[in-house]
There are 2 protein chains.
Amino acid sequence: MRIIILRIGHRVDRDKRITTHVGLTARAFGAEGMLLVGSDKSVVNNIQDVVSRWGGSFWVTCCTDWKQELKGWKEGGGKVLHLTMYGKNLPDVISGIDANKLMVVVGAEKVPSELYDLADYNVGVTNQPHSEVAALGVLLDWLQTGRELTKDFGGKMRIVGKLTGKGGTTFE
Amino acid sequence: MRIIILRIGHRVDRDKRITTHVGLTARAFGAEGMLLVGSDKSVVNNIQDVVSRWGGSFWVTCCTDWKQELKGWKEGGGKVLHLTMYGKNLPDVISGIDANKLMVVVGAEKVPSELYDLADYNVGVTNQPHSEVAALGVLLDWLQTGRELTKDFGGKMRIVGKLTGKGGTTFE
């Protein structure tokens, strides 16, 4: 299973933290990398900094043309899932999603209406308004049936978690 | 099952959007309400506005003393789960969590160290750095085994989602 994220609609002046959360969630939950439409070095640097300390091979690449990226992905045999509250609710469609090679499109507030037609799947994590970050986390968890939560990133920094009291950090 | 959120460490100048996402995720995924430590009318108004249009009975209440809220909850027979990357990883502890009456504490970047000792459960959704919004979504989904995703909110606004093309909004 290969999953990449396409983040569209990022506004440099107001979406830095949310887009960073999208990228870090994608990484923590087993996606391979994130294409960020637009250019925002601070977001890229923040995510790359986490990768260098916490491990794994997650990448972030800025790009300019979402439609070209999406079409190229489909021409390479990949499927495109657009995460949107206007999509079919996840429990109703999970069994029919081909996640072998999947691009997950995560929009900021407004997305081009064309995207709904270009996507193979428009999927909502509920049809209620909430957060693309939570929706992405739950989607990735369902697609990988929880296996992603125990992935070993092999990083220099690791946490040994504790149920009672605070867990500790180890450094290699 | 009763679940409420205690949001601590909210900084009015920089956490408005993330705290709003926390609240909306809590609502969409079946929590009863959110206690927000501190005061931020714009966050409260944004969430209440969603409730008034999209339905349900989710509440948001500002409070001043996190420790008093937490202790009062425990005295009333509730359990406290602190969501933290320093906790035990969710898959390792899910079966032992008593979620009959549960307060989920969601911190911003720094939390008082005392919290780790006062919580019944310190739980991470992975031990990797990512997003409290994604972590909350996945936690609530695991606690309710996905049932929350099909909750009917009975709101004035509803979306009829579509897998191909854009779903529609209906108004009562």
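Residues numbered from 1 in each chain as written. Chains lettered and ligands numbered in written order. Predicted model: local features only at pLDDT ≥ 70, side-chain atom pairs only at ≥ 80, totals over all residues. Heavy atoms only, no water.

Caption draft 1: Quick peek at the pairing of strand β1 (residues 2-8) of chain B. Residue and element names in this part refer to chain B. Most of β1 is tucked away, with six of its seven residues classed as buried. As defined by bridge partners, β1 adjoins strand β5 (residues 101-107) across seven bridges and the pair is classed as parallel. Across the sheet, residue Ile 3 finds its bridge partner in β5, namely Leu 102. By the bridge criterion, four bridges tie β1 to strand β2 (residues 33-37) in an arrangement that is parallel. Across the sheet, the residue bridging to Arg 7 is Leu 36, located in β2. (Buried < 20%, exposed > 50% of the residue type's maximum accessible area, 1.4 Å probe, protein only. Helix = DSSP H or I, 4+ residues; strand = E, 2+ residues; numbered from the N terminus. Pairing = 2+ DSSP bridges.)

Caption draft 2: Quick peek at the environment of A:Thr169. Its location among the elements puts A:Thr169 in strand β8 (residues 168-171). Separated by 23 residues in sequence, A:Thr169 and A:Gly146 have C-alpha atoms that sit 24 Å apart. Here A:Thr169 is in contact with A:Met157, A:Arg158, A:Ile159 and B:Tyr86, once residues within four sequence places are set aside. (Contact = heavy atoms within 4.5 Å.)

Caption draft 3: Seen up close, the environment of B:Thr150. Structurally, B:Thr150 can be placed in the loop between α6 (132-143) and β7 (157-160). Here B:Thr150 falls in the exposed class, since its relative accessible area comes to 52%. Through-space distance from the C-alpha of B:Thr150 to that of B:Asp40 is 30 Å; in sequence the pair is 110 residues apart. Ignoring any residue separated from it by four or fewer positions in sequence, one finds B:Thr150 in contact with A:Asn89 and A:Pro91. For B:Thr150, the side chain forms a polar contact with the main-chain oxygen of B:Arg147, separated by 3.1 Å. (Polar contact = N/O pair within 3.5 Å; in protein donor to acceptor, adjacent residues only side chain to side chain.)

Caption draft 4: Spotlight on the environment of B:Met85. Relative to the helices and strands, B:Met85 is located in strand β4 (residues 79-89). Note: C-alpha distance between B:Met85 and B:Pro129 (44 residues apart in sequence) is 6.7 Å.

Caption draft 5: View of the side chain of A:Asn122. Along the chain, the position of A:Asn122 falls in strand β6 (residues 121-124). Exposure remark for A:Asn122: the relative accessible area of 0% places this residue in the buried category. In this structure the side chain of A:Asn122 is engaged in a polar contact, spanning 2.9 Å, whose partner is the side chain of A:His82. For A:Asn122, the contacting residues outside a window of four places in its chain are A:His82, A:Thr84, A:Gly87, A:Lys88, A:Tyr116, B:Lys162, B:Leu163, B:Thr164 and B:Gly165.

Caption draft 6: Quick look at the interface of chain A and chain B. Listed per partner, the contact involves 55 residues of chain A and 55 residues of chain B. Summed over both sides, the interface of chain A with chain B buries roughly 4,600 Å², with 63% coming from carbon and sulfur. Sorting the residues of chain A by area buried against chain B places A:Arg17, A:Tyr86 and A:Leu163 first, and these three jointly supply 16% of that buried surface. Close ionic contact of B:Arg17 with A:Asp15 constitutes a salt bridge, the shortest N to O distance being 2.7 Å. Only α1 (16-28), α2 (41-54), β4 (79-89), α4 (90-93), α5 (114-118), β6 and α6 (132-143) of chain A provide two or more residues apiece to the side of chain A that touches chain B. For the side of chain A that touches chain B, the per-class residue count stands at 24 nonpolar, 18 polar and 13 charged. (Buried area = accessible area lost by both parts, 1.4 Å probe. Salt bridge = Lys/Arg side-chain N within 4 Å of Asp/Glu carboxyl O. Nonpolar A, V, L, I, M, F, W, Y, C, P; charged D, E, K, R; others polar.)

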